[in-house]
Protein chains: 2
Amino acid sequence: MYARPLARLIEQLQRLPGVGPKTAQRLALHILKRPESEVEALAQALVEAKKQIGLCSVCFHLSSEPVCEICRNPNRENNTICVVADSRDVIALEKTREFKGKYHVLGGVISPMDGIGPEQLTITPLLRRVSQQQPKEVILAISPSVEGETTTLYVGQLLKPFTKVTRIAFGLPVGGDLEYADEITLARALEGRRELD
Amino acid sequence: MYARPLARLIEQLQRLPGVGPKTAQRLALHILKRPESEVEALAQALVEAKKQIGLCSVCFHLSSEPVCEICRNPNRENNTICVVADSRDVIALEKTREFKGKYHVLGGVISPMDGIGPEQLTITPLLRRVSQQQPKEVILAISPSVEGETTTLYVGQLLKPFTKVTRIAFGLPVGGDLEYADEITLARALEGRRELD
């Protein structure tokens, strides 16, 4: 039904997350209608991003340099390290413009079901970094799933001998409605209550 | 916030239809996690599809050969031509396995608002084809939007002197609920009623 190069393109596009056969077909037909220069720009961007981007040797965030922009930035505080599961969490936190310290990307969460143990994550480099740099505080910012909680507790225990370890707050999302919050979130919100100032 | 090659990739991905900043970021981060060979396969599929696929010189369907597979297929009837707006309509109709004739892809519908007049479509080649081949029937299978209707009426008038011209039926979709059908669809369904056989 499809000409062979089109079939191959659709097949390749279907490997992307969230792209099923229908979307892949729509994307492929769109691509065929664009000028050749535009298609080549996309292909080149793909290959170059993959070739040029590796992991920062300090914090394991995505970086095109051996040490990433955040780690190299002299205006960022060295005394706070925020530990996250994934590079996308760094990007999300950077968008808030609230955090002025540095990061550490674990590369995932502990998940025995998926065969991911602590040794698959960058926990050993984190321990080395913390024991050497002696930051004032390490903030654990890991999503509160079962695996995320396990990871938070595990990493927290390991870091406690070296520094103050905190975790981000969980509670009602801003704009959220108390009535519609699930019980676990509500329990967390109660537990995390603070005195009015 | 993003390393430059990553920013460029996200920017390129955002040009795809239905891909906003969030999806582009998710796709890009996914791509960076895949092995280099896989990323290169995708890039190559993009460039090759664009380079190798053009339009069939007979029916204007997407094709990697000068004449497409459907037009070359000796088992397909020459005496019926189904006129559609776009190559994706050919693909949709082929999936039904109901139609054994040939196609003609107009390349769009008449839409003065978008600056698309009859001369931007493959209407002249269609007229030439019909007057030369003298098919028994031309089926117009164009979506019933305002522009689609205009195109159906326009092309229908031009073809009538040469052959029998029909259009596909509009009515309730199979599995559809009469109660929830819009009035125009219901009116079309009534208008298109047939005697029980």
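Residues numbered from 1 in each chain as written. Chains lettered and ligands numbered in written order. Predicted model: local features only at pLDDT ≥ 70, side-chain atom pairs only at ≥ 80, totals over all residues. Heavy atoms only, no water.

Structural notes on the relation of the copies chain B and chain A
Move 1: Rotating chain B by 180° about the axis while translating it 0.0 Å along that axis superimposes it on chain A, leaving an RMSD of 0.1 Å. The operation mapping one copy onto its partner corresponds to a two-fold rotation axis. Residue A43 of chain B, judged by its C-alpha, is the member of chain B lying nearest the rotation axis, at 2.2 Å.
Move 2: Of the residues that chain B buries at the interface, 100% are likewise interface residues in chain A, meaning the two copies contact each other through the same surface. (Least-squares fit on C-alpha atoms with pLDDT ≥ 70 in both. Contact = heavy atoms within 4.5 Å.)

Quick notes on the pairing of strand 3 (residues 80-84) of chain A
Residues and elements named next belong to chain A.
Move 1: Here strand 3 lies mainly inside the structure; five of its five residues are buried.
Move 2: Judged by which residues are buried, strand 3 turns out to be covered on both faces: T80, C82 and V84 on one side and I81 and V83 on the other are all buried.
Move 3: Judged from the four bridges that link them, strand 3 and strand 5 (residues 137-140) form a sheet pairing that is parallel. When the bridges of strand 5 are listed, I81 appears paired with V138.
Move 4: In this structure, strand 3 lies alongside strand 4 (residues 102-105), joined through four bridges in parallel fashion. For C82, the partnering residue across the bridge sits in strand 4 and is Y103. (Buried < 20%, exposed > 50% of the residue type's maximum accessible area, 1.4 Å probe, protein only. Helix = DSSP H or I, 4+ residues; strand = E, 2+ residues; numbered from the N terminus. Pairing = 2+ DSSP bridges.)

Quick notes on the interface of chain B and chain A
Move 1: Facing 49 residues of chain B, the contacting portion of chain A comprises 49 residues.
Move 2: Regarding the contact of chain B and chain A, the summed buried area is about 4,800 Å², with carbon and sulfur atoms giving 70% of it.
Move 3: Its largest share of buried area at the contact with chain A, chain B owes to M1, L46 and K50 of chain B, together 14% of the area lost on that side.
Move 4: Linking chain B with chain A are eight salt bridges.
Move 5: Between D86 of chain A and K33 of chain B there is a salt bridge, and its shortest N-O distance comes to 2.9 Å.
Move 6: In this assembly, chain B and chain A are joined by 10 residue pairs in polar contact (both at pLDDT 80 or more). (Buried area = accessible area lost by both parts, 1.4 Å probe. Salt bridge = Lys/Arg side-chain N within 4 Å of Asp/Glu carboxyl O. Polar contact = N/O pair within 3.5 Å; in protein donor to acceptor, adjacent residues only side chain to side chain.)

Here's the deal with helix 3 (residues 36-52) of chain A
Move 1: Between its first and last C-alpha, helix 3 of chain A extends 24 Å over 17 residues, near the 24 Å set by a 1.5 Å rise per residue.
Move 2: Within helix 3 of chain A the residues assigned to the buried category are E38, V39, L42, A43, A45, L46, V47, A49 and K50 of chain A.
Move 3: Buried residues in helix 3 of chain A make contact with helix 2 (21-33) of chain A together with helix 1 (4-13), helix 2 (21-33) and helix 3 (36-52) of chain B. (Expected span 1.5 Å × (residues − 1).)

Observations regarding the nonpolar core
Move 1: Of all hydrophobic cores here, the largest spans 46 residues; its most connected members are L13 of chain A together with L13 of chain B.
Move 2: The set of elements that each furnish at least two residues to this core consists of helix 1 (4-13), helix 2 and helix 3 of chain A together with helix 1, helix 2 and helix 3 of chain B.
Move 3: Not counting chain neighbours up to four residues away, the residues in contact with L13 of chain B comprise L42 of chain A together with V19, A24, L27, A28 and I31 of chain B.
Move 4: Of all hydrophobic cores here, the second largest spans 14 residues; its members include V84, V90, F99 and V105 of chain B. (Core = buried A, V, L, I, M, F, W, Y, C linked by side-chain atoms within 4.5 Å.)

So, the environment of I116 of chain A
All names here are of chain A.
Move 1: Following the sequence through the fold, I116 ends up in the loop between strand 4 and helix 6 (123-133).
Move 2: Expressed as a C-alpha distance, the spacing of I116 and K51, which sit 65 residues apart in the sequence, is 26 Å.
Move 3: Dropping the residues within four chain positions of it, I116 is found in contact with V109, I110, S111 and L121.

Let's talk about the domain arrangement of chain A
Move 1: Examined at the domain level, chain A breaks down into domain 1 (4-52) and domain 2 (68-191).
Move 2: Distance between the C-alpha centres of domain 1 of chain A and domain 2 of chain A: 35 Å. (Domains from an automatic or database assignment.)

Some points on the sheet that holds strand 4 of chain A
The pairing of strands in a sheet comes from backbone hydrogen bonds and takes either a parallel or an antiparallel form.
Residue and element names in this part refer to chain A.
Move 1: Reading across the sheet, the four strands line up as 4-3-5-6 and stay open at both edges, with parallel pairing between neighbours. If you trace the sheet from one side to the other, it starts and ends with strand 4 and strand 6 (164-167), each paired once. Sheet twist, expressed as the mean angle between neighbouring strand axes with direction ignored, is 25°.
Move 2: The pairing of strand 5 with strand 6 spans four bridges and is classified as parallel. Its bridge partner lying in strand 6, E137 is registered against K164. (Axes fitted to C-alpha atoms, helices over the stretch in contact; angles between N-to-C directions.)

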